[in-house]
Amino acid sequence: MISAQQLPFPNKIQRVMEEEACEEQYDSENCTCSSTSTESNSDSPVILKILQNWVPRVSPYFDKEHYTYVGRQIVIQESIEHFGAVVWPGALALSQYLESNQERFNLKDKQVLEIGAGTGLVSIVACILGAYVTATDLPEVLENLSFNISSNIQNMNIHKPEVRKLVWGESLSEDFPSSAYHYDFLLASDVVYHHTALDPLLETMVYFCQPGTVLLWANKFRFSTDYEFLEKLSSIFDTTILAEFPESNVKLIKATVREN
Ligand SMILES: C[S@@+](CC[C@H](N)C(=O)[O-])C[C@H]1O[C@@H](n2cnc3c(N)ncnc32)[C@H](O)[C@@H]1O
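Residues numbered from 1 in each chain as written. Predicted model: local features only at pLDDT ≥ 70, side-chain atom pairs only at ≥ 80, totals over all residues. Heavy atoms only, no water.

For the protein, the name recorded in an unreviewed UniProt entry is Methyltransferase 21C, AARS1 lysine, with Anas platyrhynchos platyrhynchos as its organism.

(A) Expanded view of the site of the ligand. Looking at the ligand, there are 21 residues lining it, with Trp88, Gly116, Asp137, Trp168 and Ser189 nearest. For the ligand, the protein covers 97% of the area, taking 590 Å² as the surface of the free molecule. Its residues placed into classes, the shell around the ligand shows 14 nonpolar, 5 polar and 2 charged. (Near = heavy atom within 4 Å. Areas by Shrake-Rupley, 256 points an atom, 1.4 Å probe, with all protein chains shown as cover. Nonpolar A, V, L, I, M, F, W, Y, C, P; charged D, E, K, R; others polar.)

(B) Layout of the packing of helix H4 (residues 121–128) against helix H5 (residues 142–153). Across the interface, H4 lies against H5 with an axial gap of 9 Å and an inter-helix angle of 30°. In terms of their interaxial angle, H4 and H5 are classed as roughly parallel. For the crossing formed where H4 meets H5, the hand is right-handed. Taken together, the residues of H5 that come into contact with H4 (itself represented by Ser123, Ile124 and Cys127) are Asn148, Ile149, Asn152 and Ile153. Class assignment for the residues of the contact of H4 with H5 results in 4 nonpolar, 3 polar and no charged. (Axes fitted to C-alpha atoms, helices over the stretch in contact; angles between N-to-C directions. Helix = DSSP H or I, 4+ residues; strand = E, 2+ residues; numbered from the N terminus. Parallel < 35°, antiparallel > 145°, perpendicular 65-115°, else oblique. Left-handed = near helix turned anticlockwise from the far one by under 90°. Contact = heavy atoms within 4.5 Å.)

(C) Structural view of unusual backbone geometry. With phi around 65°, Asp109 is a residue other than glycine that occupies positive phi space. In this structure, Asp109 sits in the loop between helix H3 (89–100) and strand E5 (111–115). Its identity is not glycine, yet Ser171 carries a phi of approximately 50°, on the positive side. Of the residues examined, Ser171 reaches a relative accessible area of 37% and is grouped as partly exposed. (Buried < 20%, exposed > 50% of the residue type's maximum accessible area, 1.4 Å probe, protein only.)

(D) Seen up close, the packing of aromatic side chains. Counting across every chain of the model gives 12 aromatic pairs. Between Phe176 and Tyr181, the aromatic rings sit 5.4 Å apart at their centres with planes inclined by 65°, giving edge-to-face as the arrangement. Each residue in the set Phe176, Tyr181, Tyr183, Tyr207 and Phe208 is aromatic and connected to the rest through ring pairs, giving one cluster. It is Arg164 that lies over the ring of Phe176; its NZ or CZ is 4.1 Å from the centre. The aromatic ring of Phe221 is capped on one face by Lys251, whose charged end is 5.5 Å from the ring centroid. (Phe/Tyr/Trp six-rings, centres within 6.5 Å; stacked < 30°, edge-to-face > 60°. Lys NZ or Arg CZ within 6 Å of the ring centre and 35° of its normal.)

(E) Spotlight on H3. In this model H3 runs 17 Å from its N-terminal to its C-terminal C-alpha over 12 residues, within 8% of the 16 Å that 1.5 Å per residue would give. When we look at burial in H3, the residues that qualify are Pro89, Gly90, Ala91, Ala93, Leu94, Ser95, Tyr97 and Leu98. Tucked into the core, H3 has its buried residues touching strand E3 (62–69), H4, strand E8 (185–189), strand E9 (214–220), strand E10 (237–245) and strand E11 (250–257). (Expected span 1.5 Å × (residues − 1).)

So, in structure tokens, the structure goes:
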């Protein structure tokens, strides 16, 4: 029996799914959902029904969430249209960690790449902390991501961030040639979940994590595949668990190129 804690969705998506009890299919590969006409089974627990048959029916469901990091109020527009348009627990954990550990990880004037940036919360915090940020995600997420980043950083005297498409494992050397791009930090929150792109994700981390790069990966651990991913990462990089957030089951992992 699967419990709500093990579900691969952030609380907000679960809540909306429960409220709307939709009858649609989750496409784990593309993190999107499509409609079907299956009858709902009123005997099955809502949570299980959601896992098998989900997502938004008609129009996007927009909402705004307010956060405060580094003394700034950040307003994030969310939507349940896409998994990348909701703030996940890993993003909260990583934002909080970056805010509280500015001396240990000083982002000022550093080159920062975020992969799977989603709503952009972590990228916005990194911008506020003074980094040159490139926030990336799938094409369908970029509009909301750009909106959040631009609306939150306007009137701030900071380095102007970039928002770019980056599909894990695709055209990396063409779009981000290593002769031209070197990142001090690679940020990733809740990029490991119920999807089939874990190998391209690892490939992407390996591609961008060059000597001198620090990968900070915050993730809610739910499934055996999350631990398997960590094992694979640890077989390639020097890894350390920097922090654990027991209330959300998020671990924050630092990875750097292995020193010989
Ligand atoms: C669970 S969401 C996390 C979003 C955000 N980092 C957060 O913590 O709130 C996973 C993110 O990874 C992105 N993603 C999933 N598969 C991807 C792929 N193959 N290439 C690039 N991004 C992908 C999704 O679009 C989404 O923004």
